[in-house]
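Given next are the chains, with one letter for each unit.
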Amino acid sequence: MSLEINFSDKVFENRKRNNSEYEEITLTIRRDIIKSLVLAKSGHSGGPLGITEVISVLFFGGYMKYNPSNPNMPNRDRFVLSAGHMAPVQYSVLARAGFFPTEELKTLRKYNSRLQGHPGLDMHLPGIETSSGSLGQGVSIAVGMAMSDFIIDKNERKVFCITGDGELQEGASWEAAMAAGSHKLSNFCWIVDNNDCQIDGRVKDILSVYPLKEKFESFNFNVIEIDGHDIDQIQAAFDKFNENHKNNDLPTCIIAKTYMGQGVSFMKDQYNWHGNPPNEEQAITALSELK
Ligand SMILES: Cc1ncc(C[n+]2csc(CCOP(=O)(O)OP(=O)(O)O)c2C)c(N)n1
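Fair warning: this is a prediction, and the values are worked out from it, not measured in the lab.

Criteria and cut-off values
- Residues numbered from 1 in each chain as written.
- Predicted model: local features only at pLDDT ≥ 70, side-chain atom pairs only at ≥ 80, totals over all residues.
- Heavy atoms only, no water.
- Core = buried A, V, L, I, M, F, W, Y, C linked by side-chain atoms within 4.5 Å.
- Buried < 20%, exposed > 50% of the residue type's maximum accessible area, 1.4 Å probe, protein only.
- Helix = DSSP H or I, 4+ residues; strand = E, 2+ residues; numbered from the N terminus.
- Contact = heavy atoms within 4.5 Å.
- Pairing = 2+ DSSP bridges.
- Right-handed = clockwise from strand over helix to strand, strands pointing away.
- Axes fitted to C-alpha atoms, helices over the stretch in contact; angles between N-to-C directions.
- Polar contact = N/O pair within 3.5 Å; in protein donor to acceptor, adjacent residues only side chain to side chain.
- Arc of directions from axis to C-beta.
- Near = heavy atom within 4 Å.
- Areas by Shrake-Rupley, 256 points an atom, 1.4 Å probe, with all protein chains shown as cover.

Engineer: Would you explain the nonpolar core in this entry?
Structural biologist: Side chains that are nonpolar tend, in soluble globular proteins, to be buried together. Grouped together as the largest cluster of nonpolar side chains are 62 residues, with contacts concentrated most on F59 and F238. Here this core gets nine residues from one element, more than from any other, and that element is helix α1 (residues 22–40). Sequence-distant contacts of F238, defined by excluding residues within four places in its chain, comprise V54, V57, L58, Y63, F160, C189, I191 and I254. Ranked by size, the runner-up nonpolar core spans 25 residues in total, among them V80, V159, L168 and L212.

Laid out in structure tokens, this is it:
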């Protein structure tokens, strides 16, 4: 390959930050996604680029308790990427948080790599709480984690989970919603990546999951609708979740309106970028836009 790919060793702290500080973080994450995918020659570009702001605020804004030097710290909060195909963004965020060396991002989807196409298939990567990728199952596992914390152990731990919107076509998603709402799991924060794209079309055209707000409300969730690229709105949503948790209120659902492929002009809002990597030429263009 004539395009030389290197990953800086920059890591970011997890702390309250001014929203202007997120520009460097989100550019770094998006560049990681493009670089690891062009090297892998397979994988998903669109979803990871679209959820970058949300996951960056979650991991680097002081909203989650974790310790990269002690990934299994008993009182850590938990994060489950139920939309496991979006793994490149989770791998970048974990590396940039210090869970493993950023150089390892070069190994996405390679034989014997810890960075498989979907997270956790061998459960050896620090920071991964469960395997995921069979849509609807990650969120079911996440609700189980939240139930054991809230009902059995009665601890302070929070559980965050990201699903896609096409993922909600899986019936298991709604069993998870029913369980979380029925048990009033205020420690559970469900984030829906609402880009209205799935593999081969618009969610609303293939099998509509709408209206989302009313559906989640009817399952007993506090629902917050936000622009998933607006740092202020993302922070406000996580602040509201914390307040709900403190007041022992209902579970929270953040519906994040996003664009698939955000940040790269030729990928933006194009569902055909759901499951493709950039080729070398496309990666050069993408990286030149992500400066
Ligand atoms: C149970 C199951 N069925 C089918 C698939 C194949 N699949 C992977 S991603 C995807 C579409 C998901 O759409 P969405 O959740 O909106 O994700 P996005 O396209 O926004 O990345 C499908 C059908 C799967 N991973 N698991």
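Text resumes after the structure shown.
Engineer: Just checking my understanding: could you explain the pairing of strand β3 (residues 188–194) for this structure?
Structural biologist: Walk down a regular strand and you will see the side chains alternate between the two sheet faces. Counting buried residues in β3 gives seven out of seven residues, a clear majority hidden from the surface. Here β3 shows no split at all, with F188, W190, V192 and N194 on one side and C189, I191 and D193 on the other all buried. Pairing analysis gives six bridges linking strand β2 (residues 159–164) to β3, with the strands arranged parallel. Its bridge partner lying in β3, I162 is registered against I191. Where the polypeptide runs from β2 across helix α6 (residues 171–182) and back to β3, its parallel neighbour, the crossover connection is right-handed. Inspection of the sheet shows β3 paired to strand β7 (residues 252–257) by six bridges, in the parallel sense. Along β7, the bridge assignment pairs D193 with A256.

Engineer: I would appreciate a short explanation of helix α3 (residues 52–60) in the present structure.
Structural biologist: An α-helix turns once every 3.6 residues. As a result, residues three or four positions apart point the same way. Counting buried residues along α3, nine of its nine residues qualify, which places the element largely inside the surrounding structure. Here α3 has its buried residues at T52, E53, V54, I55, S56, V57, L58, F59 and F60. Two residues or fewer after α3 comes G62, characterised by a positive phi angle close to 80°.

Engineer: Sorry if this is basic, but what is going on with the sheet that holds β7 here?
Structural biologist: Hydrogen bonds between backbone groups are what pair the strands of a sheet, and the pairing can be parallel or antiparallel. Pairing is parallel across the open sheet formed by five strands, whose spatial order is β1-β2-β3-β7-β6. Only two strands of the sheet have a single partner each, and these edge strands are β1 (78–81) and β6 (222–227). Within the sheet, the average angular offset between the axes of one strand and its neighbour, ignoring direction, is 20°. On the sheet, helix α5 (residues 137–153) packs against β1, β2 and β3 and is oriented at approximately 165° with respect to β2.

Engineer: Teacher, can you tell me more about the environment of E4 here?
Structural biologist: Following the sequence through the fold, E4 ends up in the segment before α1. On a C-alpha basis, the gap between E4 and L39 in space is 9.8 Å, while along the polypeptide they are 35 residues apart. Separated by 3.3 Å, the side chains of E4 and N6 make a polar contact.

Engineer: I keep staring at helix α10 (residues 280–289) and nothing clicks. Help me out?
Structural biologist: The complete set of buried residues in α10 reads A283, A286 and L287. Angularly, the buried residues of α10 cover 95° about the axis, an arc narrow enough to put them on a single face. The secondary structure elements touched by the buried residues of α10 are α1. The N-cap of α10, judged by a side-chain oxygen 3.1 Å from the amide nitrogen of E281 a few residues on, is N279.

Engineer: Got a minute to help me understand the site of the ligand in this structure?
Structural biologist: Taken together, 15 residues lie around the ligand, and H85, G133, G166, N195 and H274 are the ones closest in. At a separation of 2.8 Å, a nitrogen atom of the ligand approaches a polar backbone atom of G133. For the ligand, whose accessible area on its own is 590 Å², the fraction buried by protein is 77%.

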